[in-house]
Amino acid sequence: MAVTSGKEGKSSSSMDQGKYVRYTAEQVEALERLYHDCPKPSSIRRQQLIRECPILSNIEPKQIKVWFQNRRCREKQRKEASRLQAVNRKLSAMNKLLMEENDRLQKQVSQLVYENGYFRQQLQNASIATTDTSCESVVTSVKHQQQNHLTPRDPPRDASSAGLLSIAEETLTEFLSKAKGNAVEWIQMPGMKPGPDAIGIVTISHGCTGVAARACSLVGLDPTKVAEILKDRTSWLRDCRSVDVVSVFTTGNGGTIELLYMQMYAPTTLAPARDFWTLRYTSVLEDGSLVVCERSLTGTQGGPSMPAVQHFVRAEMHPSGYLIRPCEGGGSLIHIVDHMDLEPWSVLEVIRPLYESSTVLAQKVTMAALRHLRQIAQEASSDVVLGWGRQPAALRTFSQRLCKGFNEAVNGFTDDGWSLMGNDGMDDVTVLINSSPSKLLGPQFASSDGLPALGGGIICAKASMLLQNVPPALLIRFLREHRSEWVDSNMDAYSACAWKANPCTVPSSRIGGFGGGQVILPLAHTVEHEEFLEVIKLENNGLTQEDALLSRDMFLLQLCSGIDENAVGACSELIFAPIDASLADNSPLLPSGFRVVPSDSGMDGSSPNRTLDLASALEIGSAGTRTSVDYGGNNSNFRSVLTIAFQFTFENHIRENVASMARQYLRGVVASVQRVSMALAPSRMGSHLGPRLPPGTPEALTLARWVCQSYRFHLGVELLRSNSEVNESVLKTLWHHSDAIMCCSLKSLPVFTFANQAGLDMLETTLVALQDISLEKILDDNGRKSFCSDIAQIMQQGYAYLPAGVCVSSMGRPASYDRAIAWKVLNDEENPHCIAFMFMNWSFV
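What you see is a predicted model, and the numbers here were worked out from it, not measured in a lab.

1. What to know about the sheet that holds strand β27 (residues 814–817)
Item 1. As summarised here, the arrangement of the three strands in space is β26-β27-β30, forming an open sheet in which the pairing is antiparallel. Only two strands of the sheet have a single partner each, and these edge strands are β26 (805–808) and β30 (843–844).
Item 2. In this sheet, β27 lies alongside β26 in antiparallel orientation, the contact comprising four bridges. Opposite Val806, over in β27, you have Ser816 as the bridge partner.

2. Observations concerning a nonpolar patch on the surface
Item 1. On the surface, a cluster of nonpolar side chains totalling about 360 Å² of accessible area is made up of Tyr114, Tyr118 and Phe119.
Item 2. Among the secondary structure elements, Phe119 is positioned in helix α4 (residues 61–128).

3. Quick look at helix α18 (residues 698–715)
Item 1. Along its 18 residues, α18 runs 26 Å from first to last C-alpha, staying within 8% of the 26 Å computed at 1.5 Å per residue.
Item 2. Restricting attention to buried positions, one finds in α18 the residues Ala700, Leu701, Leu703, Ala704, Trp706, Val707, Cys708, Ser710, Tyr711, His714 and Leu715.
Item 3. Directly beyond the C-terminal end of α18, a positive phi value near 80 degrees is found at Gly716.

4. Digging into unusual backbone geometry
The general pattern is negative phi for most residues beyond glycine and trans for most peptide bonds.
Item 1. For His311, which is not glycine, the phi torsion reads 75 degrees and is therefore positive.
Item 2. Structurally, His311 is set in the loop between β9 (290–296) and β10 (312–314).
Item 3. The class for His311 is partly exposed, based on a relative accessible area of 45%.
Item 4. Here the phi dihedral of Glu343 falls at roughly 50 degrees; this positive angle occurs in a residue that is not glycine.
Item 5. Positionally, Glu343 belongs in the loop between β13 (332–341) and α8 (353–356).
Item 6. For Glu343, a relative accessible area of 18% corresponds to the buried category.

5. Comments concerning the sheet that holds strand β25 (residues 799–802)
Item 1. On the basis of which strands lie adjacent, the open sheet formed by five strands has the order β24-β23-β29-β28-β25 and antiparallel pairing. The open sheet is flanked by β24 (752–755) and β25, the only strands paired with a single partner. If you compare each strand with its neighbour and ignore which way they point, the axes differ by 20 degrees on average.
Item 2. Two strands pair when backbone bridges link them, and strand β23 (residues 740–744) and strand β29 (residues 832–840) are joined in this way by five bridges, in the antiparallel orientation. Of the residues in β29, the one forming a bridge with Cys744 is Ile835.
Item 3. Against the sheet, α18 engages β23, β24, β25, β28 (819–826) and β29, with an angle of about 110 degrees to β28.

6. Some details on the state of the cysteines
Item 1. Applying the stated criterion to the full structure yields zero disulfides.
Item 2. No disulfide involves Cys403; its nearest neighbouring cysteine sulfur is the one of Cys571, lying 8.6 Å away.
Item 3. The exposure class of Cys403 is buried, given its relative accessible area of 2%.
Item 4. Here Cys708 is not cross-linked by a disulfide; its sulfur's nearest cysteine counterpart is in Cys743, at 9.6 Å.
Item 5. Looking at Cys708, the relative accessible area reads 9%, which means it is buried.

Cut-offs applied
- Sequence order as written defines the numbering, with residues in each chain counted from 1.
- The predicted nature of this model means local features are confined to residues of pLDDT at least 70 and side-chain atom pairs, given and counted, to a pLDDT of 80 or more, with totals for whole chains, interfaces and linings taken over all residues.
- Side-chain numbers come from the whole structure's heavy atoms, not from hydrogens or water.
- In short, DSSP must find at least two bridges between two strands for them to pair.
- Under the DSSP-based scheme used, a helix requires at least four consecutive residues in state H or I and a strand at least two consecutive residues in state E, with every element numbered from the N terminus.
- A patch consists of residues whose relative accessible area exceeds 30% and which take part in no salt bridge; residues with like charges are grouped when within 9 Å of each other, and nonpolar side chains (Val, Leu, Ile, Met, Phe, Trp, Tyr) when within 5 Å.
- Note on areas: these come from Shrake-Rupley sampling with a 1.4 Å probe, and a residue is covered only by the protein chains present in the view.
- Salt bridges are defined by distance alone: a side-chain nitrogen of Lys or Arg within 4 Å of a carboxyl oxygen of Asp or Glu.
- Helix span is expected to be 1.5 Å times the residue number reduced by one.
- Exposure is judged per residue with a 1.4 Å probe applied to protein chains only, and the accessible area is read against the type maximum: over 50% gives exposed, under 20% gives buried, and values in between give partly exposed.
- Angles here are taken between N-to-C directions and fall from 0 to 180 degrees, while the axes themselves are lines fitted to C-alpha atoms, restricted in helices to the stretch in contact.
- Contact criterion: two residues are considered in contact whenever any of their non-hydrogen atoms come within 4.5 Å of each other.
- By disulfide we mean two sulfur atoms from cysteines, separated by a distance within 2.5 Å.

Now the structure itself:
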């Protein structure tokens with residue numbers, strides 16, 4: 001039925017008989033208003049609309065139903081057309097980048113062919129020579145040429161504006177030769193495949209001084225905005241502590257020269273922090289491209305110097321930066337080059353690969369910049385409101401504060417007020433004290449309930465340990481989902497009294513004392529799902545027996561990263577801090593947590609997990625648990641470094657007791673993590689001790705088989721279009737099914753036990769939090785009534801069709817579906833195991 005507008009409506013009889021219905025402009029306007037309020041009204045709602053809008057009284061309900069169907073179809077087509085246009089623009093831009101990369105490689109091949117011919121000629125000339133003198137002459141000539149080539153021709157420049165401009169122009173030239181030329185031999189980063197959904201073209205250096213990485217990508221932001229975001233390093237680079245602009249100069253060509261002093265956190269307690277003294281040059285090229293390039297200022301250049309800073313190792317930044325070009329149709333084409341010498345000699349040999357790997361640099365710095373830009377672009381393109389009604393920028397600030405607080409605890413800088421406390425004869429745990437927490441948390445914390453008026457501060461207990469053959473992603477996932485396996489609830493009575501006297505939300509004191517369960521409430525995640533922000537609800541929390549009657553729920557704000565098998569991450573982290581239920585933006589945060597950093601000399605030669613297809617990523621215990629190296633049985637000497645830091649508040653009169661408790665508490669956590677790590681090692685991952693998480697457990701494989709077999713048995717058709725009967729293939733196909741499929745327990749209050757990816761998206765939850773959602777919570781009144789009336793049919797006949805309706809996600813958002821099917825899942829003995837639901841054509845309202 002075609003739908004047009006702008007003409008007078010026909011009579012109701014002609015509407016019934018004719019093939020076409022013409023609506024008046026007023027009718028179309030009224031229907032559009034109703035569509036925006038409810039795009040998929042039920043039959044009762046459509047009849048109510050006719051009664052409420054007299055202008056629609058001459059239209060049959062069936063015709064209104066058809067109008068809404070056509071309107072949804074047009075909306076879907078419009079969105080699909082918009083999506084395809086965006087994909088086409090991105091593919092065109094990526095094609096342009098690939099052509100430029102192909103041209104660069106062809107020039108590199110030509111250069112290598114020329115050099116090969118030149119050296120062949122030199123060898124022939126040397127072989128023709130008849131005397132040792134002539135050979136010595138040739139060698140001496142070559143050495144003389146090499147020495148002339150390596151000797152800097154330019155004399156040292158002064159620290160004036162002219163001298164700085166000379167350094168800046170030289171930096172610009174060298175940076176462009178790396179970004180678009182062959183000044184560095186670039187090889188494709190293992191695992192990075194270009195495509196419409198790829199983060200970009202990422203390459204790493206091969207055989208150059210230091211470590212280097214380069215990335216090319218399309219970003220949906222204008223060049224000026226991109227430059228502004230990237231220059232604010234502290235907003236996107238989690239390892240960046242501070243960037244101070246010491247001086248600013250304006251050049252005659254409209255550019256800007258800045259002298260910067262930057263401090264970087266150390267990722268573990270086993271290494272000192274790094275700092276950089278650099279010159280940053282911002283200018284516009286003749287073709288309109290915006291360039292931001294940067295390099296370290298050293299004594300050989302004759303520029304201004306910066307004295308060494310205590311507790312920091314001065315690293316060197318070779319010419320690096322950003323080339324940002326406007327893209328036709330909107331957005332920007334960006335080239336990022338990061339080239340550094342991180343002075344690996346200054347760290348222990350076990351973690352030296354972290355400072356010698358270009359792959360690590362690409363993961364932690366280069367790709368972090370691209371991810372942040374993509375996140376900002378996505379937020380700018382739509383009005384996104386995430387968990388608890390918060391804007392993305394507010395939640396992003398929480399993530400930054402959690403990371404910064406944890407990094408401050410790990411590094412313990414003296415200028416933040418940290419000082420070392422004496423040990424108890426063992427040096428396995430380091431304890432620091434900070435009597436001036438306002439330096440870290442701001443003045444509002446010192447005046448809040450967090451620290452009593454009598455005075456007090458913060459005690460941090462931290463330790464690092466070497467892990468052998470333990471996949472970082474799997475370890476962090478286990479610590480996140482099985483908190484009771486590592487917390488220490490056996491706190492001494494005196495400490496418990498101290499916490500009662502100071503009833504603020506203390507991280508580890510309260511964390512260690514909960515005796516109930518935990519509920520994970522998702523807040524936000526990044527575009528590529530490599531980072532999650534969530535609220536942890538600890539239920540029935542009580543410290544001692546006498547607190548049992550007064551026990552209450554507690555909340556933790558938690559950041560989890562590096563647990564997604566499909567995301568390349570330099571490390572895996574679990575960072576959390578107590579917070580009250582209001583989740584106020586200015587709430588003081590005192591983070592504690594875990595960080596696992598892979599440390600293996602073969603990282604640059606390995607294949608990061610991003611190359612794996614989604615099916616391979618589901619195979620827990622093999623390739624699916626890898627981040628940047630092979631965690632399977634192929635590399636029996638894989639190592640990683642685990643860093644643990646916990647922070648406690650204290651009052652001055654019990655400082656020594658809190659310090660002793662913190663030291664013992666951390667030792668208990670370390671012992672628990674060591675026990676868990678032994679169970680997670682690849683040699684034991686196949687045993688019952690290795691907790692393997694869905695979707696990849698034997699239970700999940702069996703359940704997937706039962707779900708498909710029961711569907712075929714009851715309805716006579718196949719649920720999955722797959723010719724393979726292998727359990728793994730069935731689970732993977734079920735996991736990626738386009739419709740939301742969920743399994744519900746057969747209890748008086750049914751709760752969900754499994755859901756595929758579409759089901760988790762519809763419920764806006766995770767596999768861990770799924771078990772805390774009951775069927776009653778997500779169904780509306782009509783859905784609950786329909787299910788109660790059909791449950792007998794499901795148990796007797798084996799299945800039932802449910803009408804279209806609306807369900808509510810865990811975040812409170814309504815999601816409508818066209819129809820649903822419920823069927824009884826039978827086990828191998830043909831006994832009822834659970835009920836499966838499939839919600840078709842669902843979408844958020």
